[in-house]
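Secondary and tertiary structure notes
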Amino acid sequence: MRRPLIAGNWKMHFTVPEGLEYALHLRHVLEPFADREDIVVLPPSLMLWEIANVLRGCPIEVGAQNASWEDQGPFTGEISPKMLAGWCHYLLIGHSERRQLFNETDEMLNRKLQAAFRNNLKVILAIGETLEEHDLGRTQEVITRQLSAALYGIEARRAADLTIAYEPVWAIGTGRAATPEYANEAMSSIRGLLQQKLGPLAGEIRILYGGSVTPANAATLMQKPEIDGALVGGASLKQADFTEIVRAAAEAVRSA
Ligand code: PEP
C-alpha cells in the first residue's frame with residue numbers, strides 16, 4: 001500500500017489571523033496521525049509563508065493552490081514556483097476552478113508542471129470530467145487528454161514527486177461524491193495511463209480522490225485499493241471534519 005496523503009484545499013477562505021489560528025489548532029490535533037500518512041494544507045498564497053512558519057518542525061506540510069509557469073518577470077498578481085522553492089512542499093495544479101474560472105488550458109498546466117519540477121516542488125495534479133462530459137460517456141477520453149497533455153515531456157524520474165487528484169467536477173462542492181466503486185474504476189484507468197506514460201516508476205504515484213469527501217464517506221472511499229488518499233475542499237475548513245478524514249486514512253493503513 002502506498003502511504004496515504006490527505007490534502008486540505010482551503011481555497012479563498014479565512015483571513016490571515018483566522019488561517020494562522022486554524023493552522024495552530026491543526027498542528028495540535030493532526031500531528032499524532034502523521035506517522036501513518038502525509039498531511040498537507042493548501043492555504044491562500046497571502047498567508048502561506050506565515051503558515052509554513054507556524055507548521056515548521058511539525059510533520060504537516062504546506063502547499064500552494066496555484067503558481068505561474070515562469071520563475072520571475074512582469075506577471076502582475078502572480079506568484080512564482082521559484083518563490084515557493086525550499087520552504088513550500090507542494091503545488092496544486094489543474095484544479096477545475098482554475099481550469100474553468102481562470103481559463104487554464106492543458107498546455108498552460110504542462111508549463112506549470114515543468115516549472116514546479118524545475119523548482120523541486122512536489123505536485124498535486126487535479127484532473128476530472130465535468131457533468132456534461134460524464135453524461136456523454138466521455139470520462140475516459142477527458143482523463144486521457146488531461147493526463148497526456150500535462151505529462152508531456154515530463155521524465156519518469158519525477159514520478160515520486162507527482163500525485164494525481166482525480167476530481168470529477170460534478171462532485172466538487174456539490175455534496176454528491178462519486179461512489180467508491182466509480183472512483184476506484186476511474187483511478188484504476190488513471191494508473192494504467194500513468195504506467196503507459198512513465199513506466200514502472202508510475203507505481204510510486206499516489207492517486208487521490210476529491211469531490212465532497214466528508215467524515216461520513218471517507219472511510220469507505222479509503223478502503224478501495226486504488227484510492228491513496230483525498231483532496232478535501234469544504235470539509236478541510238472545519239477542524240473536526242478534517243481530523244475525522246485524516247483519522248479514516250490512518251485507520252485504512254492500520255487495517256491494510
Ligand atoms: C476541491 O475543491 O478540490 C474539492 C474536492 O472540494 P469539496 O471537497 O468541497 O468537494
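One can find the structure itself at the top, above this paragraph.
Residues numbered from 1 in each chain as written. Predicted model: local features only at pLDDT ≥ 70, side-chain atom pairs only at ≥ 80, totals over all residues. Heavy atoms only, no water.

1. Topic: the packing of aromatic side chains
Taken as a whole and judged by the stated rule, the model has five aromatic pairs. When the centroid spacing of 5.2 Å and the interplanar angle of 90° are considered together, the rings of Trp 10 and Phe 14 count as edge-to-face. Owing to a relative accessible area of 0%, Trp 10 belongs among the buried residues under this scheme. On the basis of an interplanar angle of 75° and a centroid distance of 5.6 Å, the ring pair of Trp 170 and Tyr 182 is categorised as edge-to-face. A residue pair is termed long-range when its members are at least 10 positions apart, and Trp 170 in the loop between strand E6 (162-166) and helix H8 (180-198) and Tyr 182 in helix H8 qualify at twelve residues. We classify Trp 170 as buried; its relative accessible area is 8%. For Tyr 182, a relative accessible area of 25% translates into the label partly exposed. Ring-pair connections join several aromatic residues into one group, and the members of that group are Trp 10, Phe 14 and Tyr 22. The ring of Phe 102 is capped by Arg 98, whose NZ or CZ atom sits 4.1 Å from the centre of that ring. (Phe/Tyr/Trp six-rings, centres within 6.5 Å; stacked < 30°, edge-to-face > 60°. Buried < 20%, exposed > 50% of the residue type's maximum accessible area, 1.4 Å probe, protein only. Helix = DSSP H or I, 4+ residues; strand = E, 2+ residues; numbered from the N terminus. Lys NZ or Arg CZ within 6 Å of the ring centre and 35° of its normal.)

2. A word on the packing of helix H7 (residues 139-150) against H8
Packing of H7 against H8 brings their axes to within 11 Å, and their N-to-C directions diverge by 40°. Between H7 and H8, the interaxial angle falls into the category oblique. Seen from above, H7 lies across H8 with right-handed handedness. Together, Thr 139, Gln 140, Ile 143, Thr 144, Leu 147 and Ser 148 of H7 and Tyr 182, Ser 189, Ile 190, Leu 193, Leu 194 and Lys 197 of H8 make up the contact between the two elements. Residue composition of the contact of H7 with H8, by class: six nonpolar, five polar and one charged. (Axes fitted to C-alpha atoms, helices over the stretch in contact; angles between N-to-C directions. Parallel < 35°, antiparallel > 145°, perpendicular 65-115°, else oblique. Left-handed = near helix turned anticlockwise from the far one by under 90°. Contact = heavy atoms within 4.5 Å. Nonpolar A, V, L, I, M, F, W, Y, C, P; charged D, E, K, R; others polar.)

3. Examining the sheet that holds strand E7 (residues 206-210)
Strand order in the closed barrel formed by eight strands is E1-E2-E3-E4-E5-E6-E7-E8, and the pairing between neighbours is parallel. Strand-to-strand, the axes of this sheet are offset by a mean angle of 25°, without reference to chain direction. Here E7 runs beside strand E8 (residues 229-232); their pairing, made up of two bridges, is parallel. Bridging from a neighbouring strand, Tyr 209 pairs with Ala 230 of E8. Of the strands in this sheet, strand E5 (122-127), E6 and E7 are in contact with H8, which crosses E6 at around 145°. (Pairing = 2+ DSSP bridges.)

4. Describing the layout of surface pockets
The computed volume of the largest pocket comes to approximately 500 Å³. Taken together, 17 residues line the largest pocket, and the ones lying closest to its centre are Met 12, Gln 65, Asn 66, Arg 98 and Phe 102. If you tally residues by element for the lining of the largest pocket, the top one is helix H4 (residues 96-101), at three residues. When the residues that make up the lining of the largest pocket are grouped by side-chain class, the tally is seven nonpolar, six polar and four charged. (1 Å grid on protein atoms, 1.4 Å probe; cavity = no way out; pocket = protein on both sides within 12 Å on 5 of 7 lines; lining within 4 Å. Points joined across faces, edges and corners; volume = space filled by probe spheres on them.)

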